[in-house]
Protein chains: 4
Amino acid sequence: MMPIMPTAITDSCELDEASQRRVVQYCLECGAVAIGHFGYASEFHKVSDPQRRRLVELIVDEVAGRVPVFIGATAPAVHTAVQYAREAEDLGADIIMATLPYVDVPDQDGAFAYYAALADATALPIIIQDAGHSSSILTADLLLRMFDEIDNVCYVKAEGKNFLVKMAALIDASGGALPVIGGAGGKHMIHMLRLGVPAFMTGTEAVDLHAAVVRAYLDGNEEEAARLYYETVLPYLVFYMDHSAQLLKEMLHRRGVLDCPKVIPPSGAPPMTDVERREFEWVLSRIGLG
Amino acid sequence: MMPIMPTAITDSCELDEASQRRVVQYCLECGAVAIGHFGYASEFHKVSDPQRRRLVELIVDEVAGRVPVFIGATAPAVHTAVQYAREAEDLGADIIMATLPYVDVPDQDGAFAYYAALADATALPIIIQDAGHSSSILTADLLLRMFDEIDNVCYVKAEGKNFLVKMAALIDASGGALPVIGGAGGKHMIHMLRLGVPAFMTGTEAVDLHAAVVRAYLDGNEEEAARLYYETVLPYLVFYMDHSAQLLKEMLHRRGVLDCPKVIPPSGAPPMTDVERREFEWVLSRIGLG
Amino acid sequence: MMPIMPTAITDSCELDEASQRRVVQYCLECGAVAIGHFGYASEFHKVSDPQRRRLVELIVDEVAGRVPVFIGATAPAVHTAVQYAREAEDLGADIIMATLPYVDVPDQDGAFAYYAALADATALPIIIQDAGHSSSILTADLLLRMFDEIDNVCYVKAEGKNFLVKMAALIDASGGALPVIGGAGGKHMIHMLRLGVPAFMTGTEAVDLHAAVVRAYLDGNEEEAARLYYETVLPYLVFYMDHSAQLLKEMLHRRGVLDCPKVIPPSGAPPMTDVERREFEWVLSRIGLG
Amino acid sequence: MMPIMPTAITDSCELDEASQRRVVQYCLECGAVAIGHFGYASEFHKVSDPQRRRLVELIVDEVAGRVPVFIGATAPAVHTAVQYAREAEDLGADIIMATLPYVDVPDQDGAFAYYAALADATALPIIIQDAGHSSSILTADLLLRMFDEIDNVCYVKAEGKNFLVKMAALIDASGGALPVIGGAGGKHMIHMLRLGVPAFMTGTEAVDLHAAVVRAYLDGNEEEAARLYYETVLPYLVFYMDHSAQLLKEMLHRRGVLDCPKVIPPSGAPPMTDVERREFEWVLSRIGLG
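Residues numbered from 1 in each chain as written. Chains lettered and ligands numbered in written order. Predicted model: local features only at pLDDT ≥ 70, side-chain atom pairs only at ≥ 80, totals over all residues. Heavy atoms only, no water.

**Student:** Mind showing me how you'd approach the pattern of salt bridges here?
**Tutor:** It is possible for side chains of opposite charge to pair when their charged atoms get near one another. Evaluation of the coordinates by the stated rule reveals 92 salt bridges over all chains. For E281 of chain C, the salt bridge identified is with R277 of chain C, shortest N-O distance 3.6 Å. Placement of the pair is E281 of chain C and R277 of chain C together in helix α11 (residues 274-286), with a separation of four residues, close to one helical turn. Owing to a relative accessible area of 26%, E281 of chain C belongs among the partly exposed residues under this scheme. Put simply, E279 of chain C and R194 of chain D hold a salt bridge, and the shortest N to O gap is 2.8 Å. You can see E279 of chain C sitting in helix α11 and its partner R194 of chain D sitting in helix α7 (residues 189-195), one on each of two chains. Members of the salt-bridge network, linked through shared partners, are E43, K46 and K249 of chain A together with D104 of chain D. (Salt bridge = Lys/Arg side-chain N within 4 Å of Asp/Glu carboxyl O. Helix = DSSP H or I, 4+ residues; strand = E, 2+ residues; numbered from the N terminus. Buried < 20%, exposed > 50% of the residue type's maximum accessible area, 1.4 Å probe, protein only.)

This is the structure we're talking about:
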């Protein structure tokens with residue numbers, strides 16, 4: 001697992017460094033092979049620049065070299081993404097991750113130029129992070145071309161529309177040379193494993209459950225992996241997909257990892273209703289997270 | 001279960017009456033308490049008027065009074081929907097179902113006028129069918145008002161955005177008087193059961209599996225219902241949701257119910273890819289439908 | 001001008017044949033070189049099959065061979081569109097027009113198969129009608145390929161996203177051989193004329209104004225064409241684009257052409273507000289239609 | 001006129017301070033009554049934080065108190081918008097402007113909380129800027145309530161869907177007390193004037209033309225205002241609406257105001273095609289900007 005952490009804040013939107021360090025520890029305890037920040041699960045777009053800088057320092061410090069740290073550099077402008085990548089490298093990050101700018105979304109030429117600019121700016125390996133807004137632009141062909149032609153582009157996290165098909169195309173066309181990382185919050189995880197995807201970048205709301213599925217599969221026990229996936233992951237995911245920002249933080253708060261479960265305002269989704277809450281609690285208690 | 005049937009066609013888009021009769025029999029064997037046609041699963045918008053008339057005759061004939069027959073009257077214009085409702089009544093249908101017109105979608109006043117016009121045109125009870133395009137217009141408040149003020153409006157099938165929440169609101173506000181029918185292809189079925197929804201209108205691709213979940217729950221065995229739902233329904237649904245038109249017909253073809261698995265052209269979705277196919281087959285074989 | 005007529009109805013949605021004949025006469029008086037029905041302006045999707053048949057008969061009768069009659073065959077299914085095309089040919093239409101099915105929208109292969117099926121079903125020339133929902137599928141390349149490979153495909157009405165660019169591509173690539181018809185309700189009319197587009201298919205709300213612009217341009221008076229366009233067409237179009245279904249019928253009602261200005265229910269747009277109404281009236285009085 | 005300026009950059013995305021000062025001078029020469037920055041026309045989301053700070057300083061310096069300076073504080077998070085507002089006040093801005101956060105868009109309660117937080121953070125008057133993404137949330141009712149209940153909320157710039165109707169509702173319901181500012185790039189400008197809207201916040205691509213329309217109208221010459229609007233503004237606007245980011249900078253570059261016409265990468269729209277370019281040039285030469 002390569003979990004992406006949430007940003008731990010206080011009720012007044014200050015960083016909560018103690019909680020953030022506990023998230024790092026929780027990921028390491030669940031067997032994370034890399035730890036990341038500034039994905040969507042991190043609410044990266046709602047973090048101020050000074051907070052960003054401090055978070056990178058703190059995570060690098062807490063991880064202390066035990067696993068690689070990957071840092072998202074996504075920004076609405078190419079030049080600001082480049083600055084984020086440089087800053088992360090300066091502060092000791094090991095890998096840069098970036099999805100396409102999300103306000104003005106570039107076309108394919110613009111996407112290539114963006115990753116080329118990032119690669120020029122840093123010596124670190126780069127994860128291209130596909131997402132909902134990028135999935136029609138970052139086609140398998142373009143991803144393979146960038147993997148071939150831009151030196152630092154080393155990994156692809158495929159998400160968004162038809163990600164399973166895109167993953168298969170990337171693996172096939174590269175003869176397995178392009179390392180594909182799974183995501184999509186865990187959707188189709190059992191199928192990604194069967195496709196040969198070994199690494200998963202999901203939120204941290206249930207790294208233990210996700211890790212158990214992956215471990216069973218990699219141990220050769222497909223049946224057990226499927227059973228765990230269908231009995232413990234899929235049931236909560238159908239709620240999580242509608243309320244991920246809120247539930248990620250709540251689930252970590254209930255485990256004692258995060259002090260404050262608040263989403264950084266504004267929240268883009270209405271809070272879970274009482275009906276959903278009751279059903280979600282029932283699911284959590286069935287899967288041992290109640 | 002109140003399954004909605006597909007339209008059985010030949011390769012040249014003629015009706016395949018023998019297959020259509022087998023679909024009716026398959027539904028009855030699975031314990032259907034009502035059988036319907038001209039929902040989305042029926043590709044109702046791609047059936048010609050003469051085909052529509054013949055299908056109603058044939059279904060009424062094949063069901064032969066064993067269970068009620070409900071017929072969709074949805075059309076792009078109010079006056080054509082009214083004609084479909086009258087025709088269905090004349091041909092012996094028991095219940096009319098209708099979602100909002102789907103090309104020019106009316107506002108709330110237009111929606112009320114539409115169901116009032118249908119109610120004026122027929123003496124049959126009416127199921128208001130909520131769907132993706134109608135869910136922001138057919139609010140719980142409007143649905144309750146129509147249930148109160150329009151005599152024939154007797155049932156609501158809630159679907160579309162936040163349907164679980166809307167269902168709970170309808171049940172609560174009506175004190176259980178408004179019969180709410182579950183749908184959404186089976187999504188959240190276990191939660192709808194726990195909410196008190198006893199009837200389900202899904203496609204016919206796996207009426208047996210859906211029926212087993214419902215039966216277990218109504219027999220008081222919530223744990224068994226949940227297990228069946230998580231192990232046999234949810235795993236195939238995650239594929240079915242992306243390819244329902246194609247898979248509905250294929251799954252019935254493989255059971256020997258439909259001779260021809262073809263979707264009426266044009267198909268609105270690309271065919272399933274090889275990768276998805278392989279994974280879907282693996283799921284089917286795991287759940288006993290391989 | 002090749003105007004597309006509205007469907008004249010009574011307040012109870014019966015056909016109003018006298019009004020419909022007056023629309024034909026109004027178009028002929030404005031110098032129409034062809035007259036059509038069953039475009040979006042005709043509310044074709046809200047006309048019943050018997051009404052459709054009667055409308056084609058009546059229009060063919062009223063036009064009486066003075067100009068060609070083109071009839072839209074667009075339908076949600078390929079086989080029903082084919083039936084509409086055959087019926088129109090049987091009833092004396094001169095040209096078939098069709099845009100892509102609009103509920104399940106086909107991909108490029110499906111689009112080709114659809115026009116090929118229409119061409120197989122009729123000996124009449126076919127106008128491919130591009131529209132908002134089809135514009136990303138009916139690329140210039142595909143349109144040119146269909147013009148080359150499907151015998152009856154004779155004209156393209158380019159509309160939807162970037163239609164000016166698509167038109168120029170069609171004219172350039174075909175060396176002017178593919179006759180391109182302008183539409184878009186009159187948007188960019190002066191630019192389409194400068195591009196070499198000689199024929200326009202717009203609604204009938206102001207055929208006289210549109211015709212005056214085209215006549216001035218074709219008479220070599222670009223400056224007068226531009227002046228007429230900017231002073232008499234563009235000012236009302238900015239309102240018309242938001243309320244075309246309502247205003248088309250109202251403007252014809254005020255000219256005494258249509259008895260009943262009602263849109264066939266349901267209307268897909270809220271009625272014009274008082275503020276817009278007041279401003280629209282001010283525009284109409286400035287351009288001589290008050 | 002209350003023009004919103006573009007951000008003047010060099011080819012390598014550094015600030016071009018000399019050009020930026022020329023934009024200020026150009027606005028003042030055109031009779032601007034206020035000058036603003038960090039609207040959409042400023043590409044505010046693609047400006048780094050140090051660039052933002054420097055831009056505010058420089059604009060305040062160049063305006064030198066001749067007219068009020070309004071500064072946009074819009075940001076994806078409430079706490080970062082608050083910081084931008086405070087910074088602008090510290091640096092000498094006169095008015096704060098903000099539209100809703102645009103990544104996670106808040107609901108109505110969140111919108112109220114956002115403007116209340118901004119009002120708490122600054123003593124400056126606030127312009128609520130409505131836009132496409134906010135227009136269904138910032139209803140006339142909510143805008144009026146915020147004008148009543150939040151002290152610093154002093155102006156509304158209504159844009160987005162049905163802005164003409166919303167403006168009329170705001171003016172009527174407040175008895176004219178709520179100052180409404182026009183925008184929408186100049187769409188419906190003549191109608192906004194007739195509605196009683198005296199102030200306009202548009203881009204700076206043609207402040208002179210916009211100002212001439214407004215001046216004629218306020219001088220009591222409605223006919224001249226309409227003529228200028230229809231002959232000089234509307235003809236270029238139909239192109240400008242599709243390519244505003246590119247054309248704003250190009251038009252200022254051609255006037256000698258901006259040295260570099262480049263949009264800050266990535267551009268969210270494909271560049272204008274040759275066909276559009278040719279027609280746009282023809283329009284510019286007709287309206288005296290060629």
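**Student:** Just to check I follow, could you spell out the relation of the copies chain D and chain C for this structure?
**Tutor:** What relates the pair of chain copies is a rotation about an axis plus a shift along that axis. Between chain D and chain C, which share one sequence, the superposing operator has a rotation angle of 180° and an axial displacement of 0.0 Å; the RMSD is 0.0 Å. Such a combination of rotation and displacement between the chain copies is what one expects of a two-fold axis. Taking C-alpha positions as reference, the residue of chain D nearest the rotation axis is Y230 of chain D, located at 3.0 Å. A symmetric contact is evident, with 100% of the interface residues of chain D recurring at the interface of chain C. (Least-squares fit on C-alpha atoms with pLDDT ≥ 70 in both. Contact = heavy atoms within 4.5 Å.)

**Student:** Can you help me understand the interface of chain D and chain C in this one?
**Tutor:** How large an interface is tends to be reported as the accessible area lost when its parts come together. In this assembly, 28 residues from chain D lie in contact with 28 residues from chain C. Together, the buried faces of chain D and chain C total about 2600 Å²; carbon and sulfur atoms form 62% of this surface. Contact with chain C buries surface across chain D, with R194, Y230 and W282 of chain D losing the most and accounting together for 24% of the total. Taken together, chain D and chain C are joined by four salt bridges. (Buried area = accessible area lost by both parts, 1.4 Å probe.)

**Student:** In this structure, what is going on with the side chain of E43 of chain A? I would like to understand it.
**Tutor:** All names here are of chain A. Within the secondary structure layout, E43 lies in the loop between β1 (35-37) and α2 (49-63). Of the polar contacts made by the side chain of E43, one reaches the backbone nitrogen of I264; its length is 2.9 Å. The residues contacting E43, other than those within four sequence positions of it, are K249, V263 and I264. (Polar contact = N/O pair within 3.5 Å; in protein donor to acceptor, adjacent residues only side chain to side chain.)

**Student:** In this structure, what is going on with the relation of the copies chain B and chain A? I would like to understand it.
**Tutor:** In the superposition of chain B on chain A (RMSD 0.0 Å, axial shift 0.0 Å), the rotation amounts to 180°. Most of the interface of chain B is mirrored in chain A, where 100% of its interface residues again form contacts.

**Student:** Sorry if this is basic, but what is going on with the packing of aromatic side chains here?
**Tutor:** The description of an aromatic ring pair uses the distance of the two centres, along with the angle that the planes make with each other. This model, assessed by the stated rule, comprises 24 aromatic pairs over all chains. Between Y114 of chain C and Y115 of chain C the ring centres are 5.0 Å apart and the planes differ by 70°, which places this aromatic pair in the edge-to-face class. In this pair, the class of Y114 of chain C matches that of Y115 of chain C, namely buried. Seen from the ring of W282 of chain A, R286 of chain A lies directly overhead, with NZ or CZ sitting 5.4 Å from the centre. (Phe/Tyr/Trp six-rings, centres within 6.5 Å; stacked < 30°, edge-to-face > 60°. Lys NZ or Arg CZ within 6 Å of the ring centre and 35° of its normal.)

**Student:** Would you take a moment to explain the sheet that holds strand β2 (residues 69-72) of chain D for this structure?
**Tutor:** Picture the strands of a sheet paired through backbone hydrogen bonds; they go either parallel or antiparallel. Residue and element names in this part refer to chain D. With parallel pairing, the seven strands of this open sheet are ordered in space as β1-β2-β3-β4-β5-β6-β7. Strand pairing shows two members of the sheet lacking a second neighbour, β1 (35-37) and β7 (199-200), which therefore form its edges. Judged from the two bridges that link them, strand β6 (residues 180-182) and β7 form a sheet pairing that is parallel. Directly across from I181, in β7, lies its bridge partner A199. (Pairing = 2+ DSSP bridges.)

**Student:** What am I meant to see in the interface of chain B and chain A here?
**Tutor:** Taken together, the contact pairs 27 residues of chain B with 28 residues of chain A. Across the interface of chain B and chain A, roughly 2600 Å² is buried in total on both sides, 62% from carbon and sulfur atoms. Among the residues of chain B in contact with chain A, R194, Y230 and W282 of chain B are the three that bury the most area, contributing 24% of the side total. Our count for the contact surface shared by chain B and chain A stands at eight residue pairs in polar contact (both at pLDDT 80 or more). Where the side of chain B that touches chain A is concerned, the elements lending two or more residues are α6 (163-173), α7 (189-195), α9 (222-240) and α11 (274-286) of chain B.

**Student:** Looking at this structure, how should I read the nonpolar core?
**Tutor:** The tendency in soluble globular proteins is for nonpolar side chains to be buried as a group. Core analysis: the largest hydrophobic core is formed by 224 residues, its most contacted members being Y115 and Y236 of chain A together with Y115 and Y236 of chain B. Ignoring anything within four residues of it in the chain, the contact list for Y115 of chain B reads A98, T99, L100, I126, I128, Q129, L138, M146 and I150 of chain B. Judged by nonpolar contacts, the second largest core, of 223 residues, contains A226 of chain C together with L58, V63 and A75 of chain D. (Core = buried A, V, L, I, M, F, W, Y, C linked by side-chain atoms within 4.5 Å.)

**Student:** Would you mind going over helix α1 (residues 17-29) of chain D with me for this structure?
**Tutor:** What sets the pattern is the α-helix's 3.6 residues per turn: residues three or four places apart point alike. Residue and element names in this part refer to chain D. Taking 1.5 Å of rise per residue, 13 residues should cover 18 Å, and α1 covers 18 Å from first to last C-alpha, within 8% of that figure. Within α1, the full set of buried residues consists of S19, Q20, V23, V24, Y26, C27 and L28. Taken together, the buried residues of α1 touch β1, α2 (49-63), α8 (207-218) and α10 (244-254). Of the residues flanking the end of α1, it is G31, one or two places downstream, whose phi is positive at about 90°. (Expected span 1.5 Å × (residues − 1).)

**Student:** Hey, could you run me through empty space enclosed by the protein in this one?
**Tutor:** Over the atoms a probe the size of a water molecule is rolled, and this reveals where empty space is left. Inspection of the entire model under this criterion finds two cavities of 30 Å³ or more. Estimates place the volume of the largest cavity at around 40 Å³. Tallying contributions element by element places helix α9 (residues 222-240) of chain A first for the lining of the largest cavity, with three residues. Considering only residue class, the lining of the largest cavity consists of four nonpolar, two polar and one charged. Of the volumes computed, that of the second largest cavity is approximately 30 Å³. Forming the boundary of the second largest cavity are P235 and V238 of chain A together with H188, I190, H191, Y229, Y230 and L234 of chain B. Of all elements in the fold, only α9 of chain A together with α7 and α9 of chain B reach the threshold of two or more residues within the lining of the second largest cavity. Sort the elements by how many residues they give to the lining of the second largest cavity and α9 of chain B lands first, with three residues. Here the lining of the second largest cavity is composed, by residue class, of six nonpolar, two polar and no charged. (1 Å grid on protein atoms, 1.4 Å probe; cavity = no way out; pocket = protein on both sides within 12 Å on 5 of 7 lines; lining within 4 Å. Points joined across faces, edges and corners; volume = space filled by probe spheres on them. Nonpolar A, V, L, I, M, F, W, Y, C, P; charged D, E, K, R; others polar.)

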